[in-house]
Amino acid sequence: MPTAVLTDRERTAVQAYLRLLHTVRAAFDAPPGEVRPPVVPPSVLAEAEQALAAAGLTGNEEEFFRLLQSWCPEP
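Residues numbered from 1 in each chain as written. Predicted model: local features only at pLDDT ≥ 70, side-chain atom pairs only at ≥ 80, totals over all residues. Heavy atoms only, no water.

### Concerning the overall build of the chain
Thinking step 1. Counting its regular elements, the chain contains three helices and zero strands.
Thinking step 2. Per-residue burial over the chain gives 24% buried out of 75 residues.
Thinking step 3. Across the chain, every contact between residues at least 6 apart in sequence was considered, and the portion connecting residues at least 24 apart equals 66%. (Helix = DSSP H or I, 4+ residues; strand = E, 2+ residues; numbered from the N terminus. Buried < 20%, exposed > 50% of the residue type's maximum accessible area, 1.4 Å probe, protein only. Contact = heavy atoms within 4.5 Å.)

In structure tokens:
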């Protein structure tokens, strides 16, 4: 499989998305009965939205997930 070379903006968008994903996972991984943080803190969501817009990926989910797959493939 060829490796894609991401631009700085694309890499920033992928990294912001992964931080968003990890934040959501951490919220759901809290033990039962423990106070959970908001699923998506506004600052994390804003960072992801800004990075996607800067990379020109807003509204282009297919291209974004292609970049995500090439940069962070599943094992």
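From this point on, the discussion continues.
### Some thoughts on helix α2 (residues 42–54)
Thinking step 1. Along its 13 residues, α2 runs 18 Å from first to last C-alpha, staying within 8% of the 18 Å computed at 1.5 Å per residue.
Thinking step 2. Taken residue by residue, α2 has Val44, Ala48 and Ala51 as its buried positions. End-on view of α2: buried residues confined to an arc of 70 degrees, all on one side of the axis. In this structure, α2 carries Pro42, Ser43 and Gln50 as exposed residues pointing more than 90 degrees from its buried face.
Thinking step 3. Looking at the buried residues of α2, the elements they touch are α1 (8–28).
Thinking step 4. Directly after α2, the chain includes Gly56, whose backbone phi takes a positive value near 75 degrees. (Expected span 1.5 Å × (residues − 1). Arc of directions from axis to C-beta.)

### Focus on the confidence of the model for the chain
Thinking step 1. When pLDDT is averaged along the chain, the result is 76, and 83% of the positions lie at 70 or above.
Thinking step 2. Averaged pLDDT values over the elements of the chain bottom out at 75 in helix α3 (residues 61–71) and peak at 84 in α2. (pLDDT = per-residue confidence, 0-100.)

### Structural notes on the environment of Leu68
Thinking step 1. Relative to the elements of secondary structure, Leu68 occurs in helix α3.
Thinking step 2. Leu68 sits in the buried class, given a relative accessible area of 11%.
Thinking step 3. For Leu68 and Glu10, which are 58 residues apart along the polypeptide, the C-alpha to C-alpha distance reads 9.1 Å.

### Remarks on the nonpolar core
Thinking step 1. Ala13, Val14, Leu57, Phe64, Leu67 and Leu68 are the most contacted members of the largest nonpolar core, which totals 14 residues.
Thinking step 2. For this core, the secondary structure elements donating two or more residues are α1, α2 and α3.
Thinking step 3. No other element matches the five residues that α1 contributes to this core.
Thinking step 4. With residues near it in sequence (within four places) discarded, Leu57 still touches Ala13, Leu52, Glu63, Phe64 and Leu67. (Core = buried A, V, L, I, M, F, W, Y, C linked by side-chain atoms within 4.5 Å.)

### Here we look at the pattern of salt bridges
Thinking step 1. In the structure shown here, the tally under the stated rule is two salt bridges.
Thinking step 2. With its nearest N and O atoms 3.0 Å apart, the salt bridge here joins Asp8 to Arg11. With Asp8 and Arg11 both in helix α1 and three residues apart, the pair spans about one turn of that helix.
Thinking step 3. Assessed through its relative accessible area of 60%, Asp8 is described here as exposed.
Thinking step 4. By relative accessible area, Arg11 is classed as partly exposed at 28%.
Thinking step 5. Two residues, Glu47 and Arg19, come together in a salt bridge whose shortest N-O distance is 2.5 Å. Of this pair, Glu47 sits in helix α2 while Arg19 sits in helix α1, placing them 28 residues apart in sequence. (Salt bridge = Lys/Arg side-chain N within 4 Å of Asp/Glu carboxyl O.)

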